Amino acid sequence: MRWISSPRRVRKPVSSNIPALKLKVGREKSLLRRHPWVFSGAVAEIVGSPVNGATVRVVSASGEFLGWAAFSKYSQISARLWSWQESDVVGNAFFRKRLSAAIAARDIPGLKDDSNALRLVHGESDGLPGLVVDCYAEFLVVQSLSSGIEYWKESLADLLLELTGAVGIYERSDADVRRLEGLEEHSGILRGQAPVGPLQINENLLKYWVDIQTGHKTGFYLDQRDNRARVRSLASGREVLDCFCYTGGFSINALEGGATSVTAVDSSAEALQVARENLALNGIAGENYSQIQGDVFQVLRSLRDGRRSFDMLILDPPKFAPTAAQAQQAARGYKDINLLAFKLLRPGGLLVTFSCSGGVDAALFQKIVAGAALDAGVTAAIIEQLHQAPDHPIGLNFPEGAYLKGLICQVEPG
Ligand code: SAH
């Protein structure tokens, strides 16, 4: 696949008759710091009749230009900024430049050496609010999560095809956040062809089956790439419990890293089936591997009641709190599983624990895990803080982009 194209010239601005969002007095502050969202409460007036997703001129209460944005008619986020430059024209040339920059930014040493699956566009943090593009070998998977991306989707698909030379682009806009934008969930072929059945990808010299049409999110949890490798380097000689294992990413890495056994838990029979296939794909015999299909909350309790213990325990649950509003309820869930995990760890054992909830920040997550250790009666220390992989960047103007946080805690050796 080609990764970079030569940038083209940007046309001169046209500003007449473009609808505008006029903000309330003082509500331009976050935009001046280049935060890309305009909340509905900040809007004083909509000038003109922009359709959903159309480009609007955002101006301050005194009429000063602040930026070009995509209008979201139905969302609490009324607009998402495309640009803070008045001379920019939001259109094909603009998007070609943004997409090329995002693709070029993935030229980080080490990222593509041993992996052919990575995130090419990470929404706001790549200057393309609401757009996710993941590359799986010769195919791209696109998620359109905002009205602005939906408005420009066909142009974006053409540009992506041109810039990457992908064999096919598949759309997985079946995320429930689309409802907040007044958009229906949708999946299907956007360009070219869909793969026949699951794809095989490489990640850090291991292989996985990925079904981009039916798998979770866009098919695979690419954000955990570096953390899976970290588990591989720490697993030697350990009995491992991999909770929320999905298609076996952490389990396979633990076994490759010399774990003496891996027990994998997930509620999904399909995910567990693929996990077994992934073991076979990597030539791992599986005599030290077992699976439990069930609810992790219950499985952890019954393992505790059965007085089982482990040397490494991985907790990678789904998003318990998509927004801060659900943080309290999510905190109870995280506390519960982390407390049980600490009870199941032997002295010197490692807890590798994650939260991908946007509504729970790193400080709160650390506090929850600390509370869990305390209530479990365990002394433990953080030996590493983990994050999403570098192809999931966090715009400095968009702290919300830091959604995945992880801790490796070591229980005091006995
Ligand atoms: N660690 C995985 C990704 C985990 S995604 C990787 O690196 O690929 C979260 C997984 O949790 C999904 O497979 C989902 O089926 C599973 N899941 C969600 N709720 C669950 C529950 N209550 N008990 C067990 N599994 C659950």
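The preceding data block contains the structure.
Treat the numbers as computed from the prediction; the structure is a model and nothing was measured.

Thoughts on the packing of aromatic side chains
- Going through the model one piece at a time under the given rule, you end up with 13 aromatic pairs.
- Geometrically, the ring pair formed by tryptophan 82 and phenylalanine 95 is edge-to-face, given 5.0 Å between the ring centres and 85 degrees between the ring planes. With a gap of 13 residues between them, tryptophan 82 in strand β6 (residues 77-83) and phenylalanine 95 in helix α2 (residues 92-105) connect regions that are remote in the sequence.

Focus: the sheet that holds strand β16 (residues 289-293)
- The strand order β16-β15-β14-β17-β18-β20-β19 describes an open sheet built from 7 strands, whose pairing is mixed. This sheet does not close on itself; its edge strands, each paired only once, are β16 and β19 (380-387). Across this sheet, the average inter-strand angle for adjacent strands is 15 degrees, counted without regard to direction.
- Judged from the 5 bridges that link them, strand β17 (residues 310-315) and strand β18 (residues 345-355) form a sheet pairing that is parallel. Residue pairing in the sheet places phenylalanine 310 in a bridge with leucine 345 of β18.

Here we look at the site of the ligand
- Arg228, Asp266, Asp295, Val296 and Asp316 are the nearest of the 15 residues found near the ligand.
- For the ligand, a nitrogen atom lies 3.3 Å from a polar atom in the backbone of phenylalanine 244.
- Aspartate 295 places a side-chain nitrogen or oxygen 2.8 Å from a nitrogen atom of the ligand.
- When the ligand is considered free in solution it has 590 Å² of accessible area, and contact with the protein chains removes 89% of it.
- Here the shell around the ligand is built from residues that sort into 7 nonpolar, 4 polar and 4 charged.

A closer look at the sheet that holds strand β7 (residues 117-122)
- Taken in spatial order, the 5 strands make up an open sheet running β7-β8-β9-β10-β11, and their pairing is mixed. The open sheet is flanked by β7 and β11 (186-192), the only strands paired with a single partner. On average, adjacent strands in this sheet sit at an angle of 20 degrees to one another, irrespective of strand direction.
- Here β7 runs beside strand β8 (residues 131-136); their pairing, made up of 5 bridges, is antiparallel. Its bridge partner being in β8, alanine 117 is matched across the sheet by tyrosine 136.
- Strands in contact with helix α3 (residues 147-164) are β7, β8, β9 (139-144), β10 (168-173) and β11; relative to β11, the strand with the most contacts, it is inclined by about 40 degrees.

Quick notes on the nonpolar core
- Counting residues in hydrophobic clusters, the biggest one holds 41 residues, and the most contacted among them are Tyr136, Ile212, Met312 and Val352.
- Broken down by element, the residue count for this core peaks at 4 residues, all from helix α6 (residues 249-256).
- Residues Cys243, Leu315, Ala372 and Val378 belong to the second largest nonpolar core, which totals 35 residues.

The rules behind the values
- Residues numbered from 1 in each chain as written.
- Predicted model: local features only at pLDDT ≥ 70, side-chain atom pairs only at ≥ 80, totals over all residues.
- Heavy atoms only, no water.
- Phe/Tyr/Trp six-rings, centres within 6.5 Å; stacked < 30°, edge-to-face > 60°.
- Helix = DSSP H or I, 4+ residues; strand = E, 2+ residues; numbered from the N terminus.
- Pairing = 2+ DSSP bridges.
- Axes fitted to C-alpha atoms, helices over the stretch in contact; angles between N-to-C directions.
- Near = heavy atom within 4 Å.
- Polar contact = N/O pair within 3.5 Å; in protein donor to acceptor, adjacent residues only side chain to side chain.
- Areas by Shrake-Rupley, 256 points an atom, 1.4 Å probe, with all protein chains shown as cover.
- Nonpolar A, V, L, I, M, F, W, Y, C, P; charged D, E, K, R; others polar.
- Contact = heavy atoms within 4.5 Å.
- Core = buried A, V, L, I, M, F, W, Y, C linked by side-chain atoms within 4.5 Å.
- Buried < 20%, exposed > 50% of the residue type's maximum accessible area, 1.4 Å probe, protein only.

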